[in-house]
Amino acid sequence: MAAHAELTDRGVPMGEIFHDAGGVFHRGTEEGRVGGPHPQRTSYGSFAAFSDPDGNGWVLQKVTTRLPGR
């Protein structure tokens with residue numbers, strides 16, 4: 001993910017890119033995370049997480065084609 005590379009290059013301590021074993025990531029834990037991008041590189045299928053200086057957790061999601069209505 002380009003955003004992952006750019007943030008890492010700027011010194012943001014990013015976690016590795018991951019996808020969800022069940023196909024849909026919706027948890028605030030690391031349960032079900034599988035290292036690496038989604039095997040089919042589907043839109044909404046790959047993620048990266050980081051924390052900001054205030055300790056807030058953020059998750060980036062790769063979107064290549066938006067779902068209808070979004």
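Preceding block: the structure.
Reference entry: report on the structure contained in this document.

Analysis parameters
- Residues numbered from 1 in each chain as written.
- Predicted model: local features only at pLDDT ≥ 70, side-chain atom pairs only at ≥ 80, totals over all residues.
- Heavy atoms only, no water.
- Salt bridge = Lys/Arg side-chain N within 4 Å of Asp/Glu carboxyl O.
- Buried < 20%, exposed > 50% of the residue type's maximum accessible area, 1.4 Å probe, protein only.
- Helix = DSSP H or I, 4+ residues; strand = E, 2+ residues; numbered from the N terminus.

### Structural notes on the pattern of salt bridges
- Going through the model one piece at a time under the given rule, you end up with 1 salt bridge.
- The shortest N-O distance in the salt bridge between Arg10 and Glu6 comes to 3.2 Å.
- Owing to a relative accessible area of 65%, Arg10 belongs among the exposed residues under this scheme.

### Examining unusual backbone geometry
- The phi dihedral of Arg41 falls on the positive side, at around 55 degrees, and the residue is not glycine.
- Residue placement: Arg41 occurs in the loop between strand E2 (33-35) and strand E3 (47-51).
- One non-glycine residue with positive phi stands out, namely Tyr44, at about 70 degrees.
- If you trace the backbone, Tyr44 turns up in the loop between E2 and E3.

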